[in-house]
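Listed here are the chains, written in short residue letters.
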Amino acid sequence: MEGKEEDVRLGANKFRETQPIGTAAQSLDDKDYTEPPPAPLFEPSELTSWSFYRAGIAEFIATFLFLYISVLTVMGVVKAPSKCSTVGIQGIAWAFGGMIFALVYCTAGISGGHINPAVTFGLFLARKLSLTRALFYMVMQCLGAICGAGVVKGFMGRHEYTRLGGGANSVAAGYTKGDGLGAEIVGTFVLVYTVFSATDAKRSARDSHVPILAPLPIGFAVFLVHLATIPITGTGINPARSLGAAIIFNEERGWDDHWIFWVGPFIGAALAALYHQVVIRAIPFKK
């Protein structure tokens, strides 16, 4: 029991690079906050820690629940003869954004609440977590997404699920692949930039409400991006979400544009990480 209590006490904070979303910073010398040290590329001790695997399980469950609720909402809207009789596009956007808000709140102290390979990739580029942990998170997120979409298909039946499109992402008629790629890049930039801002150590130290409210702007960013880009791509901005739906749907039209929903989010995440590290967090020049 003593070992388990110690693990619970340490949790995701055992390794400083996995500082959970909203964790308050400490004071240091002339600063009133402390930046977590850059994560090593590979941290062998992680592989022997229960907190490492617990974090991966948390990412799996969170992404599973995210796909289950969001894809089921999409199916309900598509199934109805009129969008006016359902929650419509606004309801779909609320389902995605609301679930991210809830799940980030639930998992922030365990895994950091990524629930998205693009978010994990952006944080990895900013040296917020090791390559080992980043790859583990991405695998668990993709597996969770596949299982979540699979449960939805089990509820609806193969024929109905396929007829309604399976919630798979694709570029809508009237838009080019370039339009879809651009929408995914900008949409993911908005999300990952919000994640960086909401988890900034300086803001957490100076504004006591930031750690509590961090999941709210992240979920709201997802909501707003969905409102803007559902008509273009159905809104991916999460490669695990797109992969899970595409695998379970498993039709040609679900794979035609699938590369867009990996390339776009990863470019957007990289740009957000670069912007935050170089522009927002830049150390001013001294004379």
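Quick note: structure is the one above.
Since this is a predicted model, take the numbers as computed values, not measurements. (Residues numbered from 1 in each chain as written. Predicted model: local features only at pLDDT ≥ 70, side-chain atom pairs only at ≥ 80, totals over all residues. Heavy atoms only, no water.)

S.K.: What's the story with the overall build of the protein in this structure? I'm lost.
M.R.: Helix and strand content of the protein: 13 helices and zero strands. Ordered by position from N to C terminus, the α and β elements of the protein give α-α-α-α-α-α-α-α-α-α-α-α-α. Taken across its 287 residues, the protein has 51% of its residues classed as buried. Long-range contacts, defined as pairs at least 24 residues apart, comprise 78% of the intrachain contacts of the protein with a sequence gap of at least 6. Carbon and sulfur atoms make up 66% of the accessible area of the protein, which amounts to about 13600 Å² in all. (Helix = DSSP H or I, 4+ residues; strand = E, 2+ residues; numbered from the N terminus. Buried < 20%, exposed > 50% of the residue type's maximum accessible area, 1.4 Å probe, protein only. Contact = heavy atoms within 4.5 Å. Areas by Shrake-Rupley, 256 points an atom, 1.4 Å probe, with all protein chains shown as cover.)

S.K.: How should I be thinking about unusual backbone geometry in this particular structure?
M.R.: Excluding glycine, residues mostly carry a negative phi; peptide bonds, for their part, are mostly trans. Here Ile 115, not a glycine, exhibits a phi torsion of approximately 60°, which is positive. As for its position among the elements, Ile 115 is in the loop between helix H3 (88-107) and helix H4 (117-125).

S.K.: In this structure, what is going on with empty space enclosed by the protein? I would like to understand it.
M.R.: The final tally for this structure, using the stated rule, is one cavity of 30 Å³ or more. If you go around the largest cavity, you meet 19 residues; those closest to its centre are Ile 100, His 114, Asn 116, Leu 191 and Val 222. Of all the elements in the fold, those that place two or more residues in the lining of the largest cavity are H3, helix H7 (177-198) and helix H10 (215-233). Looking at the lining of the largest cavity residue by residue, the class counts come to 12 nonpolar, six polar and one charged. (1 Å grid on protein atoms, 1.4 Å probe; cavity = no way out; pocket = protein on both sides within 12 Å on 5 of 7 lines; lining within 4 Å. Points joined across faces, edges and corners; volume = space filled by probe spheres on them. Nonpolar A, V, L, I, M, F, W, Y, C, P; charged D, E, K, R; others polar.)

S.K.: In this structure, what is going on with a nonpolar patch on the surface? I would like to understand it.
M.R.: Side chains of Leu 41, Phe 42, Leu 47, Trp 50, Tyr 53, Ile 57, Ile 61, Leu 65, Leu 131 and Leu 135 sit close together on the surface and give an oily, nonpolar patch of about 900 Å² of accessible area. Elements with a contribution of two residues or more to the nonpolar patch: helix H2 (50-79) and helix H5 (131-156). The element contributing the most residues to the nonpolar patch is H2, with five residues. (Patch = residues over 30% accessible without salt bridge, like charges linked within 9 Å, V, L, I, M, F, W, Y side chains within 5 Å. Salt bridge = Lys/Arg side-chain N within 4 Å of Asp/Glu carboxyl O.)

S.K.: For this particular structure, what's the right way to read the environment of Asn 238?
M.R.: By secondary structure assignment, the location of Asn 238 is in the loop between H10 and helix H11 (239-249). A residue is classified by how much of its surface remains accessible, and Asn 238, at 4% relative accessible area, is buried. If we skip the residues at most four places from it in the chain, Asn 238 touches Phe 66, Ile 115, Asn 116, Pro 117 and Pro 265.

S.K.: What exactly am I supposed to notice about the environment of Thr 162 here?
M.R.: When you line up the elements, Thr 162 lands in helix H6 (residues 158-163). Sequence separation between Thr 162 and Ile 248 is 86 residues, and the spatial gap between their C-alpha atoms is 9.2 Å.

S.K.: Can you walk me through the packing of aromatic side chains in this structure?
M.R.: By convention here, two paired aromatic rings are described through the distance between centres and the angle between planes. Across all of its chains, the model carries 12 aromatic pairs by this definition. Where Phe 52 meets Tyr 53, the ring centres are 5.0 Å apart and the plane angle is 90°; that geometry is what we call edge-to-face. Between Phe 220 and Phe 223, the aromatic rings sit 5.6 Å apart at their centres with planes inclined by 35°, giving tilted as the arrangement. You can see Phe 220 and its partner Phe 223 sitting in helix H10, three residues apart, about one turn around the helix. On the basis of relative accessible area, Phe 220 is assigned to the partly exposed category, the value being 40%. With a relative accessible area of 8%, Phe 223 lands in the buried category. Through pairs of rings, three or more aromatic residues link up here, namely Phe 52, Tyr 53 and Phe 136. (Phe/Tyr/Trp six-rings, centres within 6.5 Å; stacked < 30°, edge-to-face > 60°.)

S.K.: Help me understand the layout of surface pockets, please; the structure alone is not making it clear to me.
M.R.: Once rolled over the atoms, a probe with the size of a water molecule shows which space is left empty. Looking at the second largest pocket, its volume works out to about 530 Å³. Along the wall of the second largest pocket there are 27 residues; nearest its centre are Val 74, Val 78, Ala 168, Ile 230 and Gly 234. Looking at the lining of the second largest pocket, the elements that each hand over two or more residues are H2, H3, H10, H11 and helix H12 (252-255). Within the lining of the second largest pocket, the residues separate by chemical class into 16 nonpolar, eight polar and three charged.

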